[in-house]
Amino acid sequence: MQDLEKYILRIADSSLILSHRLSEWCSKGPSLEEDIALSNISLDLLGQANSLLEYCGKINGTKTADDLAFKRGEREFFNFQICEQENGHFGDTIARQFLFDSFTLLFFKKLSESKDEILSAIALKSIKEINYHLRHSSNWVLRLGDGTATSKEKIQNSFNKIWKYTGEFFEMDQLDLKMLDLKIGVNNNQLKKEWDIIVNDTLKKAKLNRPEDGFMMTGSKNGIHTELLGKILSEMQYIPRAYPDAKW
Amino acid sequence: MRSGKIEKIWNILGSVPDPEIPVISVVELGVIRNVEYIENEYIISVTPTYSGCPAVKTFQDDIKTQLKKNDIDNFKIDIVYKPAWTTDWMTKETKQKLKKYGIAPPEKIIECPQCNSKKIELISEFGATACKSMHKCTECLEPFEHFKCI
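Residues numbered from 1 in each chain as written. Chains lettered and ligands numbered in written order. Predicted model: local features only at pLDDT ≥ 70, side-chain atom pairs only at ≥ 80, totals over all residues. Heavy atoms only, no water.

The residue Glu235(A) is located in helix α10 (residues 228-236) in this model. Residue class for Glu235(A) comes out exposed when judged on its relative accessible area of 54%. (Helix = DSSP H or I, 4+ residues; strand = E, 2+ residues; numbered from the N terminus. Buried < 20%, exposed > 50% of the residue type's maximum accessible area, 1.4 Å probe, protein only.)

Moving on: the interface of chain A and chain B. On the side of chain B, 21 residues touch chain A, which itself brings 22 residues to the contact. Per-residue buried area on chain A facing chain B is highest for Lys125(A), Lys128(A) and Tyr132(A); these three make up 35% of the total on that side. At the boundary of chain A with chain B, the tally comes to one salt bridge. Across the pair Arg135(A) and Glu125(B) runs a salt bridge, and its minimum N-O distance is 2.9 Å. Between the two partners, chain A and chain B, sit eleven residue pairs in polar contact (both at pLDDT 80 or more). For the side of chain A that touches chain B, the secondary structure elements donating two or more residues are α2 (32-60) and α6 (117-145) of chain A. Residues belonging to the side of chain A that touches chain B are distributed by class as follows: eight nonpolar, seven polar and seven charged. (Contact = heavy atoms within 4.5 Å. Buried area = accessible area lost by both parts, 1.4 Å probe. Salt bridge = Lys/Arg side-chain N within 4 Å of Asp/Glu carboxyl O. Polar contact = N/O pair within 3.5 Å; in protein donor to acceptor, adjacent residues only side chain to side chain. Nonpolar A, V, L, I, M, F, W, Y, C, P; charged D, E, K, R; others polar.)

In this section: a nonpolar patch on the surface. Residues Tyr238(A), Ile239(A), Tyr243(A) and Trp248(A) make up a contiguous nonpolar surface patch of about 590 Å² in total accessible area. You can call Tyr243(A) exposed: its relative accessible area is 51%. (Patch = residues over 30% accessible without salt bridge, like charges linked within 9 Å, V, L, I, M, F, W, Y side chains within 5 Å. Areas by Shrake-Rupley, 256 points an atom, 1.4 Å probe, with all protein chains shown as cover.)

With that settled, consider the packing of helix α1 (residues 3-23) of chain A against α2(A). Residue and element names in this part refer to chain A. Direction vectors running N to C along α1 and α2 enclose 155°, while the axes themselves pass 8 Å from each other. Comparing the axis directions of α1 and α2 gives the class roughly antiparallel. Note that α1 runs across α2; the crossing there is left-handed. When its residues are assigned to classes, the contact of α1 with α2 shows 18 nonpolar, six polar and two charged. (Axes fitted to C-alpha atoms, helices over the stretch in contact; angles between N-to-C directions. Parallel < 35°, antiparallel > 145°, perpendicular 65-115°, else oblique. Left-handed = near helix turned anticlockwise from the far one by under 90°.)

Structural data, given as structure tokens:
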């Protein structure tokens, strides 16, 4: 696999897997409006993943976006582990979404300056959508954090539980450094400062405590995941694997 | 100057309705970015509205059907991402059509499409499609959709 291919897969997989997670809310949302909101966000993420996977397939020359989504195993997926974490209750989903949205907004802003024109164009398109997602998730952090005693306690616990998955956002390995050097990739490490500002500010407004940066999960850059990813793939890939090359 | 051939393609595209909002065409929606004639082939550049908008696939199919109906087979649809689609590309006339259809057009100040009141409430940031949000007029009490500005 070429370096650029793997770099794009990392970005695409996070959007794809989180999109699948959010789609699980469809028909189960806490209210009709939120059901529609989460499904819409899921759809945007799926669109972003599709554009990236199509580009990846073009570089590869032999694979389609569908091949990449449906014919890879767990160890060949490079999404951040936070994306595969369970939806839990609505507050758990919102905490996960807010942390992801605030990171991806900063990430795509930098990626839009990439020397790779297609990556830059996809990033520019995505920024508009992520801005809107972030507005939605931050509003809910405020409402739940500064809401009732129960909602506050619940979402504080959600943040405490998910925090250990945020370390991966800012990791840089050899491949990232190489892509940065070629002016294609982003320096994730440099995004931390600005991310801290957004997150601290919102948590403060929501009267929530920022969890301590303690032990952080890691590994997704090398295809290491929590056991949850396998379960997602077994559902997401079932039809194309059971009926290979079926058309409908 | 557009040549007669190219103009004809634009006219055909102008008769393809948006699959979700049939009162406006795909040209009025602003997703057709360019039509060129290169080496005996029409290249139609199309940009998606939202990355995941399911209507994108539908209007591409509709464009193909409409062109073939007009005996045009030598064409290719190219997807372009840059510059990203924006509601600024909609003309005043298009916005009027949306309003008449009951959808508040993409403007910073939202007016109720029924009674023109500016006293409105947000019901939900997301509507039935990715491009719309849900509002309610506090004067005539009618709920309505708003085409989001992006």
